[in-house]
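Here is what each chain is made of, one letter per residue.
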Amino acid sequence: MADELRARITSGALRPGQRMPTQAKLADEFGVERGAVRQALHILQSEHLLTNVSKGAPATVAPDLARALTGPGAPPQPTMVALAPRIAAAFAAPHVEIDALCLTSVSLTLAIGEPLRRIHTGQLKPAKVDVRVLLPSRDIPLAFPTPVEESADDADLQLRRRWLAQRNAQGQVLRHNLRALRSTHGVEVRVSFRALPFTPPVKLYLLNGGEALFAYYTLVRSEVEIGQRQLQMYDAPGIQSPLFAFEQGAGLRDATFVEQSHVWFDALWETISSELVLTS
């Protein structure tokens, strides 16, 4: 129940400041006792998504959802939900610095769409944008995506080609969209890619030196159509991975995580990574 109500709030179906249905109506809708309703509402209140949770008047959706969803103590949200508002907030700085380590850069490319829109409408005006992206090399055997079962045919090769095409296409779109800011808005832009000699089991985004966003690539079994074939594979749907946020100003633990994440990223960038060319 808490998951469903949280989804309604984060999707905008329930708006900031809006009163929730009464506990009696929620109990009827979900077919549960009022005690279960109160428990779900208290969970959302602890996540700063609801206010005025009591046995009396209906609860109210928090008026400042942006802080509830992205501020210190915010619950992990799927990357597709959580990354875009944080990237948009990072673009409010005069000098935007984003470092990313990921499998294909799909999530990053999608998330950057919103701040680019705001730049084009005049809401954001950064003077400089630096983006560094670490992606797996095309020259290594990928740990995933991979066929569920070994076979004598070329299933592994087909999955590899599919991943490589996606990696290259997403990287090219990301680079093109950012570089276009030079001619359209006079923004100084630098976008760099380097190749990792391993398949990353996690994804990491570092924003303006003060925030680290971290998620695990969790493998699931799925089916994909390639050509005329249906292939069973293990892959990690990165856009669904819960994103954990750490901020410099949120205590020693968070500050240390952010600092060490920068040290780790810089070490990979400067040592074992190599030049990456976004072509097949």
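Here the residue numbering is sequential within each chain, running from 1 through the sequence in written order. Owing to the predicted nature of the model, reporting of local features is limited to residues with pLDDT of at least 70; listing and counting of side-chain atom pairs is limited to 80 or more, with chain, interface and lining totals taken over all residues. Water and hydrogen atoms were dropped before computing side-chain values, which therefore reflect all heavy atoms in the structure.

A. Molecular detail of the overall build of the chain. To qualify as a helix, a DSSP run of H or I must reach at least 4 residues; to qualify as a strand, a run of E must reach at least 2; elements of each kind are numbered from the N terminus. Tallying secondary structure elements over the chain gives eight helices and 13 strands in all. Dimensions of the chain, computed from C-alpha atoms along their principal axes, come out at roughly 60 × 50 × 35 Å. In the chain, which comprises 280 residues, the proportion classed as buried is 44%. The contact rule is simple, with two residues in contact once any of their heavy atoms fall within 4.5 Å. The long-range share in the chain, meaning contacts at least 24 apart out of those at least 6 apart in sequence, stands at 72%. Think of it this way: Lys and Arg go in the positive column, Asp and Glu in the negative one, and His and the chain ends go nowhere. One atom stands in for each charge, and that atom is NZ of Lys, CZ of Arg, CG of Asp or CD of Glu. The positive charge centre, built from 29 side chains, and the negative charge centre, built from 28, are 6 Å apart in the chain. The rule is simple: take the accessible area with a 1.4 Å probe, protein chains only, and divide by the maximum for that residue type; under 20% is buried, over 50% is exposed, in between is partly exposed.

B. Quick look at empty space enclosed by the protein. Two kinds of site are reported from a 1 Å grid over the protein atoms alone, namely cavities, where a 1.4 Å probe fits but cannot get out, and pockets, open sets with protein on both sides within 12 Å along at least five of seven lines, and residues are called lining when an atom falls within 4 Å of a point. Grid points are joined across faces, edges and corners, and a volume is the space filled by probe spheres set on the points. Enumeration over the complete set of coordinates arrives at one cavity of 30 Å³ or more. By volume, the largest cavity amounts to about 30 Å³. Every residue lining the largest cavity is listed: Met20, Pro21, Thr22, Gln23, Leu41, Asn52, Val53, Ser54, Ala57, Pro58 and Ala59. Looking at side-chain class alone, the lining of the largest cavity contains seven nonpolar, four polar and no charged residues. Under the scheme applied, nonpolar residues are Ala, Val, Leu, Ile, Met, Phe, Trp, Tyr, Cys and Pro; charged residues are Asp, Glu, Lys and Arg; polar residues are all the others, including Gly.

C. Quick look at the nonpolar core. Counting 42 residues, the largest nonpolar core has Ile87, Phe91, Leu108 and Leu178 as its most contacted members. Going through the elements one at a time, α5 (79–90), β4 (95–101), α6 (106–120), β5 (128–136), α7 (155–185), β7 (188–196), β8 (202–207) and β9 (211–216) are the ones with two or more residues in this core. For Leu108, the residues in contact, after removing those within four places along its chain, are Leu83, Ile87, Ile98, Ala100, Val133, Leu174 and Tyr205. Grouping buried Ala, Val, Leu, Ile, Met, Phe, Trp, Tyr and Cys residues that are joined through side-chain atoms within 4.5 Å yields what is termed a nonpolar core. The next biggest cluster of nonpolar side chains, apart from the first, holds 14 residues, and it includes Leu5, Ala27, Val37 and Ala59.

D. Structural view of the pairing of strand β10 (residues 220–226). Of the pairings in the sheet, the one linking β10 to strand β11 (residues 229–235) comprises seven bridges and is antiparallel in character. Bridging from a neighbouring strand, Arg221 pairs with Tyr234 of β11. Strand pairing follows a simple DSSP-based rule, namely that at least 2 bridges must link the two strands. Linking β10 to β11, which pair antiparallel, is a turn of two residues; within it Gly227 sits at a positive phi near 65 degrees.

E. Region of interest: the domain arrangement of the chain. Segmentation into domains, and thus their bounds, comes from an automatic or database assignment. Domain annotation for the chain reports domain 1 (1–63) and domain 2 (66–275). Put simply, the middle of domain 1 and the middle of domain 2, counted by C-alpha atoms, are 33 Å apart.

F. Summary view of the pairing of β11. Bridge count for strand β6 (residues 146–147) against β11 is two bridges, and the pairing is antiparallel. Residue pairing for β11: Thr146 is matched across the bridge by Tyr234.

G. How the structure looks around the side chain of Thr60. Looking at where Thr60 falls in the secondary structure, it is placed in strand β2 (residues 60–61). Excluding anything up to four places from it in sequence, Thr60 contacts Gly17, Gln18, Arg19, Met20, Leu49, Leu50, Thr51 and Asn52.

H. Spatial organisation of the side chain of Asp99. As for its position among the elements, Asp99 is in strand β4. The class for Asp99 is buried, based on a relative accessible area of 9%. A distance of 2.8 Å separates polar atoms of two side chains, one belonging to Asp99 and the other to Arg132. Apart from residues no more than four positions distant in its own chain, Asp99 is found in contact with Arg132, Leu204, Tyr205, Leu206, His262 and Phe265. N or O atoms within 3.5 Å of each other form a polar contact, as long as, within protein, one can give a hydrogen and the other can take it, and as long as residues adjacent in sequence are counted only when both atoms are side-chain atoms.

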